[in-house]
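Structural overview
The chain contents come next:
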Amino acid sequence: VNSQGYGFVSQDAGDDVFISMKNMGQALHKDKVRVRLFAKTSGKNAEGQIVEVLERSRQTIVGTFRRGRKYGYIVPDDLKLQRDVIIAPGEELGAREGQKVVCQIEQWEHRGLNPSGRVIQVLGFPEDVGVDVLSIVHQHEISTRFADSVLQQVEQIADDLAQNELNRRVDLRQDTIFTIDPEDAKDFDDAISLDQTDDGQWRLGVHIADVSHYVTQNSALDREALERGTSVYLVDRVIPMLPE
């Protein structure tokens, strides 16, 4: 969806299909949809009408809570989300006028109507410290929590390495090795060492943490890391790919 209200359907094969605002139906930006094609005009993109939403691209919407005469509504932060979300009385979760909230769409009966939903989290007023970052986190649906199965696997990791694991590695624990990450780093996984050889040369050692030893293939921890793809670094926090 373009911020002006019209959009395009990207096909698996073939040119994009132009969708005017009136033919958008109940689709939102990045939804997977079924589209009915109109007769194509020579030299132009095919045009069509969305007739079915097959898969929603997002489960939640971040926006500003506004209170109308009879009900509240959410104005989405994302300009590509063109519809306000109606919030019925009792579904506001205590949200106040002007606060940033996270809402979930519950129903969208007809393309001529706005979607309706409920507030699932109140983030605070825009000027409150940290609310701007929280809004970004929720807008991109970045998970800040780990599943119990992931945390259980982490708790079972032993502090000491087994002897058979030590036997197959080069043991440098008696050497002076120090991290090169600053004190305020979010993780410490790189280190170096420096020593002088018998012939007077200097030897630089580069040491990288072997995370794969702990993240075993196809485990809950491995699947979680694959889903997240990377840690996310924000202005005042990091949302890690792996539990601390």
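This text goes with the structure placed above it.
Below or above, wherever it landed, is the structure these notes cover.

Re the overall build of the protein
- Each helix and strand in the protein was counted, giving 4 helices and 14 strands.
- Over its C-alpha atoms the protein spans a radius of gyration of 26 Å, topping by over 25% the 18 Å that the globule rule assigns to 244 residues.
- Reported as C-alpha extents along the three principal axes, the dimensions of the protein are approximately 80 × 50 × 35 Å.
- Contacts spanning at least 24 positions in sequence make up 49% of the contacts within the protein whose residues lie at least 6 apart.
- Surface exposure of the protein reaches about 16,900 Å², of which carbon and sulfur atoms provide 47%.

Observations concerning unusual backbone geometry
- With a phi angle near 55°, Leu 93 is a residue other than glycine that sits in the positive phi range.
- The backbone of Asn 218 sits at a positive phi, close to 65°, despite the residue not being glycine.
- Mapping Asn 218 onto the fold places it in the loop between β12 (202-208) and α4 (220-228).
- Overall, Asn 218 belongs to the exposed group, its relative accessible area being 54%.

Remarks on the nonpolar core
- One finds Leu 28, Ile 61, Phe 65, Ile 74, Leu 81, Val 85, Ile 87, Ala 95, Val 101, Cys 103, Trp 108 and Val 119 forming the largest nonpolar core, which totals 12 residues.
- If you list the elements that add at least two residues to this core, you get β5 (60-67), β7 (85-87) and β8 (100-107).
- Once residues lying within four places of it in the same chain are set aside, the contact partners of Trp 108 are Gly 25, Gln 26, Ala 27, Leu 28, Arg 56, Arg 83, Leu 113, Asn 114 and Pro 115.
- Counting 7 residues, the second-largest nonpolar core is a separate cluster that includes Val 9, Met 24, Ala 27 and Ile 50.

Describing the sheet that holds strand β2 (residues 17-19)
- The mixed open sheet is built from 4 strands, whose spatial order is β1-β2-β4-β3. Each edge of the sheet is formed by a strand with only one pairing partner; in this case those strands are β1 (7-9) and β3 (32-37). Each strand of the sheet is rotated relative to its neighbour by a mean of 50°, with strand direction disregarded.
- With 2 bridges connecting them, β2 and strand β4 (residues 46-55) associate as parallel partners. Each residue of the ladder has a partner; that of Val 17, found in β4, is Ala 46.

Re the sheet that holds β12
- One open sheet holds the 3 strands; their spatial order is β10-β11-β12, and the pairing between them is antiparallel. Each edge of the open sheet is held by one strand with a lone partner, namely β10 (177-179) and β12. Within the sheet, the average angular offset between the axes of one strand and its neighbour, ignoring direction, is 25°.
- Note that β10 and strand β11 (residues 190-196) share 3 bridges and pair antiparallel. By the bridge assignment for β11, Thr 179 is matched with Ala 191.

Section: the packing of aromatic side chains
- The tally for this structure, following the rule as stated, stands at 3 aromatic pairs.
- With centroids separated by 6.2 Å and ring planes inclined at 85°, the aromatic side chains of Tyr 6 and Phe 8 adopt a geometry described as edge-to-face.
- By relative accessible area, which is 33% here, Tyr 6 ends up partly exposed.
- Judged by its relative accessible area of 43%, Phe 8 is partly exposed.
- Ring plane angle 40° and centroid distance 5.7 Å describe the contact between Tyr 6 and Phe 18, whose orientation is recorded as tilted. Of this pair, Tyr 6 sits in the segment before β1 while Phe 18 sits in strand β2, and the two are 12 residues apart along the sequence.

Some details on the environment of Asp 175
- The topology assignment puts Asp 175 in the loop between α3 (163-167) and β10.
- Note on Asp 175: relative accessible area 44%, which makes it partly exposed.

Thresholds applied
Residues numbered from 1 in each chain as written. Predicted model: local features only at pLDDT ≥ 70, side-chain atom pairs only at ≥ 80, totals over all residues. Heavy atoms only, no water. Helix = DSSP H or I, 4+ residues; strand = E, 2+ residues; numbered from the N terminus. Rg over C-alpha atoms; globule rule 2.2 N^0.38 Å. Contact = heavy atoms within 4.5 Å. Areas by Shrake-Rupley, 256 points an atom, 1.4 Å probe, with all protein chains shown as cover. Buried < 20%, exposed > 50% of the residue type's maximum accessible area, 1.4 Å probe, protein only. Core = buried A, V, L, I, M, F, W, Y, C linked by side-chain atoms within 4.5 Å. Pairing = 2+ DSSP bridges. Axes fitted to C-alpha atoms, helices over the stretch in contact; angles between N-to-C directions. Phe/Tyr/Trp six-rings, centres within 6.5 Å; stacked < 30°, edge-to-face > 60°.

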